[in-house]
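Structural description and commentary
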Amino acid sequence: MVGTFYTKPKPDAPNFVSVGDHVNADTVVCLVEAMKMFNEIPAGISGTVTAVLVKNEEPVDVGKPLFKVIPD
């Protein structure tokens, strides 16, 4: 999906996930805004987040890795 990456649901809220957090396949890890629609992006895998590869409000494109996760 082409759009803008957001690490948190609103500016004064904490990040959805941070390095070291454990996620499940259905854990929302970020938002991607595309055509004025905010889409919640699930992790899609269970494991531990080891890196966030995109900065908040950075443009993203189809196939761009957003996170590194070590699977359980």
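First, a word on scope: everything that follows refers to the structure included in this document. Since we're looking at a predicted model, the values are computed, not measured. (Residues numbered from 1 in each chain as written. Predicted model: local features only at pLDDT ≥ 70, side-chain atom pairs only at ≥ 80, totals over all residues. Heavy atoms only, no water.)

**Notes on the nonpolar core**
Judged by nonpolar contacts, Phe-5, Val-17, Val-23, Val-29, Cys-30, Val-32, Val-49, Val-54, Val-60, Leu-66 and Phe-67 together constitute the single largest core of 11 residues. Looking at this core element by element, the count peaks at 3 residues for strand 3 (residues 28–34). (Core = buried A, V, L, I, M, F, W, Y, C linked by side-chain atoms within 4.5 Å. Buried < 20%, exposed > 50% of the residue type's maximum accessible area, 1.4 Å probe, protein only. Helix = DSSP H or I, 4+ residues; strand = E, 2+ residues; numbered from the N terminus.)

**Examining the pattern of salt bridges**
Scanning the model with the defined rule gives 1 salt bridge in all. We note a salt bridge from Glu-58 to Lys-64, for which the minimum N-O separation is 3.5 Å. (Salt bridge = Lys/Arg side-chain N within 4 Å of Asp/Glu carboxyl O.)

**Describing the sheet that holds strand 4 (residues 37–42)**
Spatially, 4-3-1-6 is the arrangement adopted by the 4 strands of the open sheet, whose pairing is antiparallel. The open sheet has two edge strands with one neighbour each: strand 4 and strand 6 (59–60). One ladder, built from 6 bridges, connects strand 3 with strand 4; its direction is antiparallel. Paired with Leu-31 across the strands is Glu-40, a residue of strand 4. (Pairing = 2+ DSSP bridges.)

**Description of the packing of aromatic side chains**
All told, the structure shown has 2 aromatic pairs when counted by the stated rule. Note on Phe-5 and Phe-67: the rings are 6.0 Å apart at their centroids and 55 degrees apart in plane angle, and the pair reads as tilted. Residue Phe-5 is located in strand 1 (residues 3–6), and its partner Phe-67 is located in strand 7 (residues 67–71); the two are separated by 62 residues in the primary sequence. Taking the relative accessible area as the measure of exposure, Phe-5 reaches 0% and is therefore buried. (Phe/Tyr/Trp six-rings, centres within 6.5 Å; stacked < 30°, edge-to-face > 60°.)

**Some details on the environment of Ser-46**
Here Ser-46 shows up in the loop between strand 4 and strand 5 (47–52). Residues Ser-46 and Phe-67 lie 21 residues apart in sequence; the distance between their C-alpha atoms is 13 Å. Residues in contact with Ser-46, not counting those within four places in the same chain, are Val-23, Asn-24, Ala-25, Ile-70, Pro-71 and Asp-72. (Contact = heavy atoms within 4.5 Å.)

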